Amino acid sequence: MIIKSIVIIAFILIIISLGSALFHLVKHRTPEQSEKTVKALTFRITLSIVLFIFIFIALATGIITPHGLGARMQQTPNTAIK
């Protein structure tokens, strides 16, 4: 449950950062505001990469297990094909 909470919070922060960058891009055209746009986008990219690595590590260590459509592709078959 804590893993799901972390992922949801990260997604919310990514959306907020993207909205902040859009706001600074559209409303203000000064060089100072351009720096704020770049910082917001840099934060979003960094957070996205960290989230991707976190999910990858959680899958690799077994903390998160896939279920649904793609889960059967990773399972070994019970009978050998002859």
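Keep in mind it's a predicted model, so treat the numbers as computed, not measured.

A. Geometry of the packing of helix H1 (residues 2–27) against helix H2 (residues 31–61). H2 packs onto H1 with a crossing angle of 160° between their chain directions and a minimal axis gap of 8 Å. When the axis of H1 is compared with that of H2, the two are roughly antiparallel. Between H1 and H2 lies a crossing of left-handed hand. When grouped by side-chain class, the residues that make up the contact of H1 with H2 number 17 nonpolar, six polar and two charged.

B. Representation of the environment of isoleucine 6 in the model. Among the secondary structure elements, isoleucine 6 is positioned in helix H1. Judged by relative accessible area, isoleucine 6 falls into the partly exposed class, the value being 39%. Spatially, the C-alpha atom of isoleucine 6 lies 9.0 Å from that of leucine 51, the residues being 45 residues apart in sequence.

C. Region of the structure containing the nonpolar core. Grouped together as the largest cluster of nonpolar side chains are five residues: Val7, Ala10, Ile14, Leu47 and Leu51. Within the residue set of this core, elements represented by two or more residues are H1 and H2. At three residues, the largest contribution of residues to this core is made by H1. Setting aside chain neighbours within four positions, we find leucine 47 in contact with Ala10, Leu13 and Ile14.

Conventions we followed
- Residues numbered from 1 in each chain as written.
- Predicted model: local features only at pLDDT ≥ 70, side-chain atom pairs only at ≥ 80, totals over all residues.
- Heavy atoms only, no water.
- Axes fitted to C-alpha atoms, helices over the stretch in contact; angles between N-to-C directions.
- Helix = DSSP H or I, 4+ residues; strand = E, 2+ residues; numbered from the N terminus.
- Parallel < 35°, antiparallel > 145°, perpendicular 65-115°, else oblique.
- Left-handed = near helix turned anticlockwise from the far one by under 90°.
- Nonpolar A, V, L, I, M, F, W, Y, C, P; charged D, E, K, R; others polar.
- Buried < 20%, exposed > 50% of the residue type's maximum accessible area, 1.4 Å probe, protein only.
- Core = buried A, V, L, I, M, F, W, Y, C linked by side-chain atoms within 4.5 Å.
- Contact = heavy atoms within 4.5 Å.

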